[in-house]
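This is what each chain is made of:
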Amino acid sequence: MTHESQADKKPFSIPQLLICELVLQTAEGHSALQFAREVKRSSPLTFVVIWSATAAESAPARLACFDLGANMVTQCVPSLEEVVGHIARFGSHPYLFKRPFPQS
């Protein structure tokens, strides 16, 4: 019988979800993006959703959100419900959610 030390055990990862409402070209919108970026930096497994009609409909705005660490940019309730259910079932492991384009 082997005995694993605490250092040998992998920590249990709790799925995390962050939803930031974004209003483009406002101080609040800028703060939301900065907050999302900091959360993603400190907790890479957190699934970051930017909730914004204007960003969801603008390719440049979506790309900027993805560059700051967002995993999803939407204002579609069924899509958000689907991803929340997926995270609840499977977690937010990095291999489950790929960026929509390669990082530069």
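If you're wondering where the values come from, they're calculated on a predicted model, not measured in any experiment. (Residues numbered from 1 in each chain as written. Predicted model: local features only at pLDDT ≥ 70, side-chain atom pairs only at ≥ 80, totals over all residues. Heavy atoms only, no water.)

Trainee: Even after reading the chapter, I still don't get the sheet that holds strand E3 (residues 72-74), so can you show me in this structure?
Mentor: The strands making up a sheet associate through hydrogen bonds between their backbones, and the pairing can be parallel or antiparallel. Overall, parallel pairing links the three strands, which are arranged E1-E2-E3 in an open sheet. Each end of this open sheet is capped by a strand with a single partner; those strands are strand E1 (17-21) and E3. Recorded for the sheet is a direction-independent mean angle of 20 degrees between the axes of neighbouring strands. Together, E1 and strand E2 (47-51) form the strand contacts of helix H1 (residues 27-42), whose direction differs from that of E1 by roughly 165 degrees. (Pairing = 2+ DSSP bridges. Helix = DSSP H or I, 4+ residues; strand = E, 2+ residues; numbered from the N terminus. Axes fitted to C-alpha atoms, helices over the stretch in contact; angles between N-to-C directions. Contact = heavy atoms within 4.5 Å.)

Trainee: Is there a simple way to think about the side chain of Lys-40 in this case?
Mentor: Along the polypeptide, Lys-40 turns up in helix H1. Among buried Asp, Glu, Lys and Arg side chains, Lys-40 stands out as unpaired, with Asp-67 the closest opposite charge at 13 Å. Within the structure, Lys-40 has its side chain in polar contact with the side chain of Asn-71 (distance 2.8 Å). Setting aside anything within four residues of it in sequence, one finds Lys-40 in contact with Thr-46, Val-48, Gly-69 and Asn-71. (Buried < 20%, exposed > 50% of the residue type's maximum accessible area, 1.4 Å probe, protein only. Lys, Arg positive; Asp, Glu negative; His and termini not counted. Salt bridge = Lys/Arg side-chain N within 4 Å of Asp/Glu carboxyl O. Polar contact = N/O pair within 3.5 Å; in protein donor to acceptor, adjacent residues only side chain to side chain.)

Trainee: What exactly am I supposed to notice about the pattern of salt bridges here?
Mentor: Where side chains of opposite charge bring their charged atoms close, a pairing between them can arise. Per the stated rule, a full pass over the model turns up one salt bridge. Salt-bridge contacts for Arg-41 lead to Glu-38; the nearest nitrogen and oxygen are separated by 3.1 Å. Here Glu-38 and Arg-41 lie together in helix H1, a separation of three residues that amounts to about one turn.

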